[in-house]
Amino acid sequence: MATFVLVPGFWLGAWAWDEVAAELRAAGHEAVPVTLTGLAERAGEAAPEVGVDTHVADVVAAVEGAAREAAERGGGGRVVLVAHSGGAMAVTGAADRVPERVARIVYVDTGPMPSGMANIDFHEPGARAELERRAAEDGGGWLLPVPPFAPGGGSGEGAGDLAGLSEGHLAALRERGTPQPFGTVTQPLERPDPPPETPRTLIATSIPLEAVRAMAEGGHPVFAAMAGPGWTHRSLPTGHWPMFSRPRELAALLAADAPDAPDAPDASGEAVRGR
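Residues numbered from 1 in each chain as written. Predicted model: local features only at pLDDT ≥ 70, side-chain atom pairs only at ≥ 80, totals over all residues. Heavy atoms only, no water.

Student: Report on the sheet that holds strand E7 (residues 200–204), specifying residues and quantitative values.
Tutor: Pairing is parallel across the open sheet formed by 6 strands, whose spatial order is E2-E1-E3-E4-E7-E8. Two strands in the sheet have a free side with no partner beyond their single neighbour: strand E2 (30–33) and strand E8 (231–235). Adjacent strand axes in the sheet meet at a mean angle of 20 degrees, parallel and antiparallel pairs treated alike. Pairing of strand E1 (residues 3–7) with E2 involves 4 bridges; the strand directions are parallel. Bridge pairing in E2 links Leu6 to Pro33. (Pairing = 2+ DSSP bridges. Helix = DSSP H or I, 4+ residues; strand = E, 2+ residues; numbered from the N terminus. Axes fitted to C-alpha atoms, helices over the stretch in contact; angles between N-to-C directions.)

Student: Tell me about the nonpolar core, residues and numbers included.
Tutor: In terms of nonpolar packing, the biggest core is built from 40 residues, with Phe4, Leu6, Val82, Trp241, Phe244, Leu250 and Leu254 touching the most fellow members. Listing elements by their share of this core, those giving two or more residues are E1, helix H1 (18–26), strand E3 (79–84), strand E4 (102–108), helix H4 (125–138), helix H5 (167–176), helix H8 (242–245) and helix H9 (247–256). Per-element accounting of this core gives the leading share, 4 residues, to H9. The next biggest cluster of nonpolar side chains, apart from the first, holds 37 residues, and it includes Ala62, Leu81, Ala88 and Met113. (Core = buried A, V, L, I, M, F, W, Y, C linked by side-chain atoms within 4.5 Å. Buried < 20%, exposed > 50% of the residue type's maximum accessible area, 1.4 Å probe, protein only.)

Student: Give me the lowdown on the pattern of salt bridges, citing residues and values where you can.
Tutor: Applying the stated criterion to the full structure yields 10 salt bridges. Between Arg134 and Asp138 there is a salt bridge, with the nearest N and O atoms lying 3.6 Å from each other. You can see Arg134 and its partner Asp138 sitting in helix H4, 4 residues apart, about one turn around the helix. Among the residues examined, Arg134 registers a relative accessible area of 12% and is labelled buried. For Asp257, the salt bridge is made with Arg234, and the minimal N-O distance between the two is 2.9 Å. Of this pair, Asp257 sits in the segment after H9 while Arg234 sits in strand E8, and the two are 23 residues apart along the sequence. The network of salt bridges with shared partners includes Arg42, Glu45 and Asp58. (Salt bridge = Lys/Arg side-chain N within 4 Å of Asp/Glu carboxyl O.)

Student: Summarise the environment of Arg42; cite the residues concerned and give the values.
Tutor: Relative to the helices and strands, Arg42 resides in the loop between E2 and helix H2 (52–72). Sequence separation between Arg42 and Val82 is 40 residues; the distance between their C-alpha atoms is 20 Å. If we ignore the near neighbours within four places in the chain, the residues touching Arg42 are Thr35, Leu36, Thr37 and Asp58. (Contact = heavy atoms within 4.5 Å.)

Right under this line is the structure:
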């Protein structure tokens, strides 16, 4: 069985993975949800200097610890490293640093950014300006406040839609979310050239796979990196927060891409490994 290291996106802590982790453990896997510096129960560690490098170090430590425990249990000493949304920067950087510890990277409605690109660069100019305004006016210049997560709307930060979320989910996001250190939004990630050839999976939830592939083929600087050899594509139609809206199905897709797992259909019933 596999060991999964689960890294949440912006504003969230390890708690966001509770249901997914429970499903993975019930199936016999190990699950290690991570809270990054400055968030959730680690909110007291937030500081202006917290950036992508800080969170990369957090994930490296989690991977190395989980890999050691896996080896002690008689496993291969490698983990499946899972990123949701803004957690992709930390996960990609960590996987670049310790590729020998990572059997596969799974990107949940997100993907690796090109070297030298920051998370904020993914947004259109108007959205970038709004992020900067929110941080300056409501976050002291170094925190990105928790979005409103309003029923029937988006997060307010260009982070995707809220399809499939109940009012209880939205309330939990508002009440348990914590401001995001803005350095993790603005600091670019420098990657090795060439990057490690670690197997990678995209689980597309808020953007149809057909749209992802079209943007990749059209040369979009981010989506082009989510296609080609080494990638598996899977589809889980829902909003941007599948750990809340479809946790059982998400856990099943994660398990399907564990090392040595057989080919499995995606949530729409289509086998898509190797595309």
